[in-house]
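Structural characterization, general
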There are 2 protein chains.
Amino acid sequence: MVKLSKKADYGLIAVRHLSQGETGKPSSAKEIARAHGMPVELLAKVLQKLVKQGLLVSHHGAEGGYALAREASSMTAFDVIRAIEGPIFITSCVTVRGECEQAPHCTVREPLSRVNEVLAQALSSVRISDLGGGLPPLVQLEATK
Amino acid sequence: MVKLSKKADYGLIAVRHLSQGETGKPSSAKEIARAHGMPVELLAKVLQKLVKQGLLVSHHGAEGGYALAREASSMTAFDVIRAIEGPIFITSCVTVRGECEQAPHCTVREPLSRVNEVLAQALSSVRISDLGGGLPPLVQLEATK
DNA sequence: ACCATATACGACTATTTTAGTCGGATATAG
DNA sequence: CTATATCCGACTAAAATAGTCGTATATGGT
Ligand code: SF4
Ligand code: SF4
């Protein structure tokens, strides 16, 4: 199937979450995870990846957490997804164990790579600042107890 | 990752293969598989799926095999992929065990579904008749012995 | 100084999906 | 009648994904 991983999904939601709160105040992984009902440790790893790729900045210790490294309007869904999943290729031409053995004389490769281009462009056209309209979901906030 | 499965890949290659030979003469799964170095039984299953979805016609018995059910120019990569993998959704909102629990108040869903649209359109714009330029690869034909 | 809270990171297990295999039933041309 | 096919389901193997755990480290507040 052609689909996004849960991690990428979490990443997008988290980044959007961060784009909503006050710019100065960082949000902890726990806070974000609880607000959206995702496993804390897993989200934490995703966020750490985003930090390493320079999309987020982190702050250790109490009252710490994560915040956007730059403006939401200059950050795209493509940036986030690629940071989490690495380079995106719709074909599996090159896997861990070298190339697909029929790569040299493959005939569907080139047309599909054009499709890949289109996909990348579509994802790049989605700015984080465009995501969602309202505030973060309130439904589950009670779960915070 | 966002990628096509091997099956879809095989399907595309097989369909293209069929679009090259003489229209009347069907090709067997064995023949196609050997020509492109793919596991016969697996390809066979893929082809059977394509038959069931009406993209190919099959012919039992000796000298039998598969052939396109309609013109290569009226068949798209999207058709083939969807026939093999089922409906394509870039998000994993709805899996086998019901919906993603935060679907009702998810904020990234709608923008991504627009991306999904674009992807579908890109795949639909690739006609089978457009695939590759040359003949089927000859490199491995000797393996037929 | 101490402690609660957070990030950081790696190793681990579990689950799911994908890939590939096998065995047998049915159809058909020669 | 036989060689060659499609057809179909059940099975195993391998890989990717999802989620967990333990531990080290940083930091703000008391
Ligand atoms: S078959 Fe062609 S497209 Fe598919 S992986 Fe191998 S090279 Fe890439
Ligand atoms: S989080 Fe939103 S987008 Fe991701 S699966 Fe659940 S509903 Fe679909």
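If you check the shell around DNA strand D, you find 28 residues, and the closest are Lys6(A), Ala29(B), Lys45(B), Ser58(B) and Tyr66(B). Near the protein, meaning within 4 Å, the atoms of DNA strand D are sugar or phosphate in a fraction of 74%, with bases accounting for the rest. In this structure, Ala62(A) approaches DNA strand D through a main-chain N or O atom, which is 3.5 Å from a base oxygen. The contact in question runs from a phosphate oxygen of DNA strand D to an N or O atom on the side chain of Ser58(B), over 2.5 Å. If you list the elements that add at least two residues to the surface near DNA strand D, you get α1 (6–20) and α3 (40–52) of chain A together with α2 (29–36), α3 (40–52), β1 (56–59) and β2 (65–68) of chain B. If you tally residues by element for the surface near DNA strand D, the top one is α3(B), at four residues. Taken together, the residues that form the surface near DNA strand D break down as nine nonpolar, eleven polar and eight charged.

Counting 84 residues, the largest nonpolar core has Leu12(A), Leu47(A), Leu50(A), Leu12(B), Leu47(B) and Leu50(B) as the members making the most contacts within it. Leu50(A) has contacts with Val15(A), Leu55(A), Leu56(A), Val80(A), Ala83(A) and Ile84(A), leaving out every residue within four places of it along the chain.

Moving on to the relation of the copies chain B and chain A. With an axial shift of 0.0 Å and an RMSD of 0.1 Å, the rotation relating chain B to chain A amounts to 180°. Expressed as a symmetry operation, the mapping of one chain copy onto the other fits a two-fold axis. Residue by residue, 100% of the interface of chain B is reproduced at the interface of chain A, so both copies engage with the same surface.

Our focus in this paragraph is the packing of helix α4 (residues 77–85) of chain A against helix α5 (residues 109–124) of chain A. All names here are of chain A. Where α4 contacts α5, the axes come no closer than 6 Å and their chain directions differ by 115°. Contacts from Ala77, Phe78 and Ile81 in α4 reach Ala120, Leu123 and Ser124 in α5. For the contact of α4 with α5, the per-class residue count stands at five nonpolar, one polar and no charged.

All names here are of chain A. Between helix α2 (residues 29–36) and α3, the least distance of the axes is 9 Å, while the angle of their chain directions is 120°. The orientation of α2 relative to α3 falls into the category oblique. Considering how the two elements wind past one another, α2 and α3 form a crossing that is right-handed. Here α2 contributes Ala29, Lys30, Ile32 and Ala33 to the contact with α3, which in turn contributes Val40, Leu43, Ala44 and Leu47.

Conventions we followed
- Residues numbered from 1 in each chain as written.
- Chains lettered and ligands numbered in written order.
- Predicted model: local features only at pLDDT ≥ 70, side-chain atom pairs only at ≥ 80, totals over all residues.
- Heavy atoms only, no water.
- Near = heavy atom within 4 Å.
- Polar contact = N/O pair within 3.5 Å; in protein donor to acceptor, adjacent residues only side chain to side chain.
- Helix = DSSP H or I, 4+ residues; strand = E, 2+ residues; numbered from the N terminus.
- Nonpolar A, V, L, I, M, F, W, Y, C, P; charged D, E, K, R; others polar.
- Core = buried A, V, L, I, M, F, W, Y, C linked by side-chain atoms within 4.5 Å.
- Buried < 20%, exposed > 50% of the residue type's maximum accessible area, 1.4 Å probe, protein only.
- Contact = heavy atoms within 4.5 Å.
- Least-squares fit on C-alpha atoms with pLDDT ≥ 70 in both.
- Axes fitted to C-alpha atoms, helices over the stretch in contact; angles between N-to-C directions.
- Parallel < 35°, antiparallel > 145°, perpendicular 65-115°, else oblique.
- Left-handed = near helix turned anticlockwise from the far one by under 90°.

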